[in-house]
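# Tertiary structure, described
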Amino acid sequence: MALPGALAAFPSTLQALIQKLNLTDLSPAVRLLLSGAAVALILRFALGRRWAKRTYVFDLDKVGSKVGTAGHFEYDVIVAGGGKSPSSHRTAGCVLAARLSEDPNLRVLLLEAGGSGKALPDSSTPAGFGRLLWNPKHVHGLRTEPQPSAAGKSRFWPRAKMLGGCSSINAQMAQYGAFGDFDEWATYMKDESWAWKNFSRYFRKFEGYQPHPSYPDVDTTARGLSGPVHVGYFNTITEPSRKFVQACIGVGIPFIRDFNGVDGTIGVSRIMTYVDKTFKRVSSESAYLTPDVLARKNLTVAIHATVTKVLFDTTSAQPRAIGVEFGRKEGGERFVAYAKKEVVVSGGAVHSPHILMLSGIGPAAHLKSHSITPVLDLPGVGQRLVDHPVVDLYFKNKLNNSPKFLKPSTLGEAGQLISAIVQYKSGKGGPLAMNFGECAAFVRSDDPTLFPPNEYPDKLVDSTSASDSPDLELFSTPFAYKEHGQIGFDVHTYALHVYLLRPTSHGEVLLKSASPWVQPSVNPNYIATPEDLAKLVRGVHLLLRIARTEPLASVLDASFTRPDLDHQTHLCTNEEIESLVRERVETVYHPVSTCRMAPREEGGVVGSDLRVYGVQGLRVCDASVFPWIVSGHTAGACYAIGEKLADEMKAELRA
Ligand SMILES: Cc1cc2nc3c(=O)[nH]c(=O)nc-3n(C[C@H](O)[C@H](O)[C@H](O)COP(=O)(O)OP(=O)(O)OC[C@H]3O[C@@H](n4cnc5c(N)ncnc54)[C@H](O)[C@@H]3O)c2cc1C
C-alpha cells in the first residue's frame with residue numbers, strides 16, 4: 001500500500017524535482033523526450049511483464065522435428081494460428097485448441113507466430129492497445145496497396161502477431177452483427193446450422209455476461225452467462241459520449257438497451273465491451289488458455305512458431321493435409337509436425353490465404369508466378385477481401401477535459417498519466433480502463449427519418465442483410481487522433497466516426513513473394529462503387545447533425561474554426577464531403593472473406609463445414625471464412641465460429 005501512496009504523490013514530486021534540477025530551462029522537445037522516457041520506464045516497472053515463456057513452449061524442437069532429421073512428432077489436430085478462431089492462427093485459434101482439447105483422446109498442437117498477448121500490459125490494459133498498433137514486435141504493420149478511389153493513398157493495416165490474435169489488440173467493442181447476417185449465411189450456403197436461430201447458441205456459449213448494477217435493463221435471457229469470454233459494462237466512458245447518446249435520440253435514432261439483445265441491433269446505446277470486472281481486456285487467449293486448460297497433457301501451445309506451409313500427401317487422387325512446417329525466423333531452422341486427423345488454418349483474413357498460397361493452394365497462375373508448384377488450383381483463395389471503411393470527424397472539446405494525457409505531450413500530462421496508472425493498478429479502473437469506442441449507433445442509410453427523401457432523393461442499392469439490419473455504424477471516442485493513434489492534437493478534442501457496415505467494394509490478398517517472411521499484398525479497394533461513397537457521405541452528414549444537437553453541441557466548441565477540426569464542415573458542399581471521405585477513409589480493422597465460405601463455383605474456398613474444397617484433412621477457422629461481412633464488429637462471430645467448429649470436429653473425430 002505504501003507504493004501506490006508514494007506514486008500518487010508523484011506528479012508534485014516530479015514538479016519539485018524538475019524545479020530543483022532546473023529542467024524548466026530545457027527546450028520543449030527535450031522535455032517531451034524526457035517525459036516520454038520517464039513514462040515508458042514507469043509503465044515498464046509499474047505494469048511489468050508477468051507472463052513469460054514458461055507458460056508456453058518456446059523451444060520448437062520440443063514440438064516438431066528439424067527438417068531433414070528422423071524425428072516424428074504427431075498430433076491429432078494442428079491449429080495454425082493462435083488467434084480467436086478455434087483451430088487456426090487467429091483469434092479463433094485459441095478457442096478451437098482449447099475446446100478440442102476438452103476431449104482427452106485428442107492430441108492438439110497450437111502454433112502461434114507471436115508471443116503471449118496476456119503478458120503485455122499494453123494488451124491487458126483496455127486503453128493500451130493504441131500503443132501496440134505501431135509495435136512491429138507484436139503487430140504486423142501492413143500497408144494496403146494505394147487505393148485508387150480513396151485519394152490514391154496507401155493505408156496502415158495492423159494485424160496482431162500474438163496469442164489471442166486481434167482479440168488481444170482490438171477496441172473491445174462487443175456487438176456481434178445483426179440476426180439477418182447469419183440468416184443470409186444460412187440461405188447462401190443452404191445450411192440452416194448457420195441461421196441465427198441455430199448459430200446463436202454458440203454466441204451464448206462463448207459469452208459470460210457480467211451484470212452491472214447501472215445496466216439492469218439488459219435482458220439476461222438473451223445473454224450467455226457462463227461462457228469464458230466475459231463481457232459487460234466495466235470499461236470507463238466519458239461524459240461527452242453519454243451526451244452523444246442523447247443527441248442521437250434527438251435526431252431520431254431510437255435508444256436500444258442491448259445491441260445483442262432480442263430487439264435487434266438498430267438504435268443507439270453505450271456499447272458492451274470485452275472488459276472484465278477487474279478492468280482487464282478479455283481476449284481469446286485470456287478467456288480460453290487458462291491455467292487449467294494449459295495444464296492438459298493433450299494440449300501443446302508453441303509460441304514464436306510461424307507456420308511456413310501446410311504439408312500434403314499428394315499420392316492419392318485428392319491431396320491430403322498431413323502436417324505443417326514452421327520456424328522462428330527468416331533463415332532459421334525449420335521444423336515439421338504431423339497431424340493424424342486434421343490441420344486447421346486460423347491465421348485470420350490476411351494470413352490464412354497467405355499460408356494456403358505458400359502451401360500451393362490458390363489461384364494456380366498466381367502461385368506459378370512466384371515459382372510455387374500448385375497442389376490445388378483454387379481461384380477463390382485471397383479473393384473477395386472486404387473491410388469496413390471508416391471516416392473520422394474531429395471536434396474541439398469545450399470543457400478541456402479529454403483524457404489526452406493518455407498520449408502525453410507535456411510533463412503535466414505525464415503526471416496525469418502516472419496518477420491514472422496508480423488508480424488502475426489499485427483496482428479502481430479509471431482512464432486506463434477506457435476502450436475508446438464508447439457509444440455507438442447502428443442505422444440504415446435509407447431510414448427516411450434520418451435521411452428525408454426530399455434532401456436525399458437518390459435511391460441507393462440496398463446491401464443490407466435484412467430489412468431490420470443496419471448499413472452504417474456511428475461511434476464516439478473521447479478524443480481525436482490521426483494515423484491510428486500515432487498523431488494526436490495539441491488541444492482537447494472529441495471525435496465521431498462513421499463506418500460502412502455492408503460495403504459493395506471488395507479487393508484481394510496476394511503474394512508478394514514465395515517467402516513466408518514477406519508480408520502479402522493487401523488491397524481492400526475502398527469505396528470503389530458509387531453506393532459505398534454515397535452511403536458514407538450520408539453518414540458524415542448525420543454525424544455533423546448529431547454534433548450540432550444538444551446536449552452534445554454544448555460540449556463541443558463551435559467557435560473553434562481551425563481547419564483541421566470539423567466545426568465548419570457542415571457548410572461544405574456534397575462534393576467537398578465526398579473529397580473528405582475519399583481523403584480520410586481508413587480501416588476499422590475488420591477484414592473478412594478471403595477464404596470465403598461459398599459454393600466452389602462462386603469462388604468459394606471452404607464449404608459450410610469449413611473444409612477446404614478439393615483437399616482432405618484441411619479446414620479454415622477465422623474471419624476469412626465469413627461469406628458476407630457482418631453488420632457490426634467481427635470478433636464475436638470469430639469466437640462463435642470457433643465454438644461451432646470445435647463442437648462439430650469433436651463429434652466427427654469421436655465417431
Ligand atoms: C485495432 C483493432 C481493433 C478492432 N476492434 C474490434 C472491436 O472493438 N470489436 C470487434 O468485435 N472486433 C474488433 N476488431 C476485429 C477483430 O478483433 C478481428 O476480426 C478478429 O479478432 C479476427 O480474428 P481471427 O481469428 O480471424 O484472426 P486473428 O485474431 O487476426 O488471429 C490470427 C492469428 O494467427 C497468427 N498467425 C498468422 N500467421 C501465422 C503463421 N504463419 N503461423 C502462426 N501463426 C500465425 C497471428 O499471430 C494471430 O494470432 C479489431 C481489430 C483490430 C486489429
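Keep in mind that what you see is a predicted model, and the values were worked out from it rather than measured.

## Remarks on helix α16 (residues 574-584)
Every buried residue belonging to α16 is among Ile577, Leu580, Val581 and Arg584, and all of these are buried. Angular distribution of buried residues about the axis of α16 spans 100°; they occupy a single face of the element. The inward-facing, buried residues of α16 abut β16 (389-396), α15 (530-547) and β22 (586-587).

## Comments concerning the UniProt feature "active site" (unreviewed entry) in the protein
In the numbering adopted here, UniProt assigns the feature "active site" (unreviewed entry) to His590 and His633. The named residues occupy 44 residues along the chain; their greatest pairwise C-alpha distance, 7.3 Å, places them in one compact cluster. Tracing the sequence through the fold places His590 in the loop between β22 and β23 (618-620). Excluding residues within four positions of it along the chain, His590 makes contact with Val386, Asp387, His388, Tyr499, Ile629, Gly632, His633 and Thr634. Separated by 3.4 Å, the side chain of His590 and the backbone oxygen of Val588 make a polar contact. Mapped onto the elements of the fold, His633 is located in the loop between β23 and α17 (635-654).

## What about the pattern of salt bridges?
If you walk through the whole model with that rule in mind, you get 34 salt bridges. Note that Glu192 is salt-bridged to Lys197, the shortest N-O span being 2.9 Å. Classification of Lys197 by relative accessible area gives exposed; the value is 63%. One salt bridge in this structure joins Arg334 and Glu325, with 2.7 Å as the shortest N-O distance.

## Regarding unusual backbone geometry
Omega for the bond connecting Glu550 with Pro551 falls within 30 degrees of zero, at 5°, which places this linkage in the cis form. For Pro551, the position within the fold is in the loop between α15 and α16. Here Ala151, not a glycine, exhibits a phi torsion of approximately 65°, which is positive. In this fold, Ala151 is placed in the loop between β5 (139-143) and β6 (156-160). Overall, Ala151 belongs to the partly exposed group, its relative accessible area being 40%. Here His484, not a glycine, exhibits a phi torsion of approximately 55°, which is positive. Among the secondary structure elements, His484 is positioned in the loop between β18 (472-477) and β19 (493-500).

Scoring rules and cut-offs
- Residues numbered from 1 in each chain as written.
- Predicted model: local features only at pLDDT ≥ 70, side-chain atom pairs only at ≥ 80, totals over all residues.
- Heavy atoms only, no water.
- Buried < 20%, exposed > 50% of the residue type's maximum accessible area, 1.4 Å probe, protein only.
- Helix = DSSP H or I, 4+ residues; strand = E, 2+ residues; numbered from the N terminus.
- Arc of directions from axis to C-beta.
- Contact = heavy atoms within 4.5 Å.
- UniProt positions renumbered as here; feature names shortened; annotations may be inferred.
- Polar contact = N/O pair within 3.5 Å; in protein donor to acceptor, adjacent residues only side chain to side chain.
- Salt bridge = Lys/Arg side-chain N within 4 Å of Asp/Glu carboxyl O.

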